[in-house]
Amino acid sequence: MRRVAITGMGTVNALGRDVPSTFEAMREGRCGIGPLEFRDVDRLAIHIGGQVKGWNPEEYFNRQQIVLYDKFTQFTLLAARQAVEQAGLIFEGELGLRAGVILGTAAGGVNTWDENYRTVYEEGKNRVHPFVVPKLMNNAAASHVSMEYGLLGPSFTVATACASSNHAMGLAFNMVRSGAAVVMLTGGSESMLCFGGVKAWEGLRVMSKDACRPFSATRNGMVQGEGAGVFVFEDWEHAVARGADILAEVVGFSMSSDAQDIVMPSAIGAERAITGAMLDAHMNPEEVGYINAHGTGTAANDKTECSAVAHAFGPHADRLMISSTKSMHGHLIGGTGAVEMLACIMALRDGIIAPTIGYEEPDPECALDIVPNEAREAQVSAVLSNAFAFGGLNAVIALRKV
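Residues numbered from 1 in each chain as written. Predicted model: local features only at pLDDT ≥ 70, side-chain atom pairs only at ≥ 80, totals over all residues. Heavy atoms only, no water.

What the protein chain contains, in helices and strands, is 14 helices and 14 strands. For the protein chain, whose C-alpha radius of gyration is 20 Å, the value lies close to the compact-globule estimate of 21 Å for 402 residues. Overall, the C-alpha framework of the protein chain stretches about 65 × 55 × 40 Å when taken along its three principal axes. Out of the 402 residues belonging to the protein chain, those deemed buried represent 61%. (Helix = DSSP H or I, 4+ residues; strand = E, 2+ residues; numbered from the N terminus. Rg over C-alpha atoms; globule rule 2.2 N^0.38 Å. Buried < 20%, exposed > 50% of the residue type's maximum accessible area, 1.4 Å probe, protein only.)

A few words now on helix α1 (residues 19-28). Within the sequence span of α1, burial applies to Val19, Thr22, Phe23, Ala25 and Met26. Projection of α1 onto a plane perpendicular to its axis shows the buried side chains occupying an angular sector of 160 degrees, all on one side. Elements in contact with the buried residues of α1: β1 (4-13), α3 (71-87), α13 (326-329) and α14 (336-350). Looking one or two places after α1, you find Gly29, whose phi comes out positive at around 65 degrees. (Arc of directions from axis to C-beta. Contact = heavy atoms within 4.5 Å.)

Turning our attention to the side chain of Asn111. Looking at the element boundaries, Asn111 is found in helix α5 (residues 110-122). Look at Asn111 and you get buried, because its relative accessible area is 11%. Not counting residues up to four positions away in its chain, the partners in contact with Asn111 are Asp70, Lys71, Ser191, Leu193 and Cys194.

On to empty space enclosed by the protein, then. Taken as a whole and judged by the stated rule, the model has one cavity of 30 Å³ or more. Of all the elements, helix α12 (residues 299-313) adds the most residues to the lining of the largest cavity, at three residues. Residues of the lining of the largest cavity, tallied by class, amount to three nonpolar, four polar and one charged. (1 Å grid on protein atoms, 1.4 Å probe; cavity = no way out; pocket = protein on both sides within 12 Å on 5 of 7 lines; lining within 4 Å. Points joined across faces, edges and corners; volume = space filled by probe spheres on them. Nonpolar A, V, L, I, M, F, W, Y, C, P; charged D, E, K, R; others polar.)

Turning next to the nonpolar core. Residues Ile6, Phe231, Phe233 and Leu399 are the most contacted members of the largest nonpolar core, which totals 68 residues. Sorting elements by how many residues they give to this core places α14 first, with ten residues. Leaving out residues up to four positions away in the same chain, Ile6 has contacts with Phe231, Val232, Phe233, Asp245, Ile246, Leu247, Ala248, Val250, Ile345 and Leu399. Counting residues in each nonpolar core, the second largest holds 33 residues, with Tyr69, Leu78, Leu185 and Ala228 among its members. (Core = buried A, V, L, I, M, F, W, Y, C linked by side-chain atoms within 4.5 Å.)

This part covers unusual backbone geometry. A positive phi angle is found at His282, which is not glycine, with a value near 55 degrees. Among the structural elements, His282 can be located in the loop between α11 (267-280) and β9 (290-292). Of note in the backbone geometry, Ile333 takes a positive phi value of approximately 50 degrees without being a glycine. Within the element layout of this structure, Ile333 appears in the loop between α13 and α14.

What follows concerns the layout of surface pockets. Estimates place the volume of the largest pocket at around 550 Å³. In this structure, the largest pocket is lined by 27 residues; those nearest its centre are Lys71, Asn111, Thr112, Glu115 and Lys135. Where the lining of the largest pocket is concerned, the elements lending two or more residues are α3, α5 and α6 (132-136). Counting residues per element, the lining of the largest pocket draws most heavily on α5, which supplies six residues. Of the residues contributing to the lining of the largest pocket, the split by class is eleven nonpolar, seven polar and nine charged.

Before going further, it helps to spend a moment on the pattern of salt bridges. Two side chains of opposite charge can pair, provided their charged atoms sit close to one another. The tally for this structure, following the rule as stated, stands at 23 salt bridges. Residues Asp302 and Arg219 are paired through a salt bridge, measuring 3.2 Å at the closest nitrogen-oxygen approach. With Asp302 in helix α12 and Arg219 in the loop between α9 (195-202) and β7 (227-235), the pair connects residues that are 83 residues apart, well separated along the chain. For the pair Asp302 and Arg219, one class covers both residues: buried. The salt bridge partner of Glu365 is Lys303, with a shortest N-O separation of 3.2 Å. (Salt bridge = Lys/Arg side-chain N within 4 Å of Asp/Glu carboxyl O.)

Here helix α8 (residues 164-178) crosses α14 at 70 degrees, and the two axes come no closer than 6 Å. One way to sum up the angle between α8 and α14 is to call them roughly perpendicular. On α14, the residues touching Ser165, Asn166 and Met169 of α8 are Thr336, Gly337, Ala338 and Met341. Its residues assigned to classes, the contact of α8 with α14 comprises three nonpolar, four polar and no charged. (Axes fitted to C-alpha atoms, helices over the stretch in contact; angles between N-to-C directions. Parallel < 35°, antiparallel > 145°, perpendicular 65-115°, else oblique.)

As a further point, take the environment of Lys326. Its place among the elements puts Lys326 in helix α13. Aside from chain neighbours lying at most four places away, what touches Lys326 is Ile33, Cys212, Ala293, His294, Gly295, Thr296, His331, Thr336 and Glu340.

What follows is about the sheet that holds strand β8 (residues 248-257). Here we have ten strands laid out as an open sheet, ordered β5-β4-β6-β7-β1-β8-β14-β13-β9-β10, and mixed in their pairing. Among the strands making up the open sheet, the edge pair consists of β5 (155-158) and β10 (321-323). Within this sheet the neighbouring strands show an average axis-to-axis angle of 25 degrees, counted without direction. With eight bridges connecting them, strand β13 (residues 382-389) and strand β14 (residues 393-400) associate as antiparallel partners. Bridging across to β14, Asn386 finds its partner in Val396. Against the sheet, α3 touches β1, β4 (99-104), β6 (183-190) and β7, its axis set at about 140 degrees to β1. (Pairing = 2+ DSSP bridges.)

What follows is the structure, given as C-alpha cells:
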C-alpha cells in the first residue's frame, strides 16, 4: 500500500477566502458567524449564519462560466485553484490519466433550486434557463474541476449529509493508497444559505438564533455556514520525487453506519469509526493529540460524541485536545469536514490548536478538554477529524505530522 501526502490546500469560507486568512482567524478565535444577507431573510426565524459576505462571482469567473456555476461550484473552483497552485502540479500526459476528483456535498446547487422555484411558483413564469439541471446537480462541482484541470481518472461526488467531505476524502485517500490514482483532488463544498435552504433547516428545530456554542451547557443549536475546502492527495513517492512541500500525511480512514435512527446519533457507531481510523492507521490512541470534533452545538450530537471519544480513548481521553471550529465558521453540512481538515493541518504544521469559541459553562456530559475560547500552542504528531451525519453515517480520517 502506498503512502499518501497532502501537497496542496485551498478554501473559501466565512473566515476567509484562502488558507492563510482562515488560519489567522482560527488562531485569533474569530467568529465568522453574523447576520444573513439575502432575499427574503426577514421571512425566516433564523437570521444568522457563517456566510461568505460580499461574494461577487465576477471577480473570479467570466459571464459564460457564471451561467453554468451554482455558488457551491464557484466556491469549489476557487478552493481547487488555490490547492493546485500550492501543489505546483500540471496535469498533462500520463499524470492527467491517473488523476481524478472526489468531492462531497449534501445538497449541491440549492441556490439554483431556490432561484428557479421562485421563478416558476412565485413569479409564474413557465420557462427556466436551459442550464438549470447541469447547474444544480450534485456532481457539477466535481465535473467542472475535472474539466478545468484535465483530470481523466476517477471523478465523482459523494452525498452523505454532514459526513460527505470526510467520505469523499477517505475514498480519495484509498484511491491513491491502492494505486488506482497518483493524484486526487478532494474535499467538499456547500452553499445552502438562501431562503429555501434555511427555511428547510428551520423545520428541524435544531438551529440556534444567536450563536454556535459546542460543548457548552448553554448551547442551543447549530448554525449553518457555507464555503468549500479542496486538497491535493498525492502518492508519497511521486510527491517526494518532484520535491513537493508535503503538508501532512493521510494515514487512516474508517466508515461506519449506526443503522439506528435517521436523525439521532449513536455513540457506538461514532466510536467504531474513531477506533477504526486508528486501526487503519496503525496508530495507538496515545499518539493522538488533537481531534477536530463534529461538534455541532446540539445537545444530542455533543453528548454522543464526547461519550464516543471517552470510550474510544479510555484514560487518554482526558489528555486529548478536542475542539469544534464550527463555532467560528458554522456548519457547512456536506462541506464541513473539508474546512475542518484545515484545522487539523494547522495543528500538525504550526502547533496551533484552533479553539471552541462561545464556550460559557461546563457540561458534565462533555467533560473533555475542548480548548475553550482561545487557541492553544501545542505540538501534536497525530490528529483525527470526525464527521457524523444524519442517517447514522460516520467517517473519521487520521493524519500524521511530516
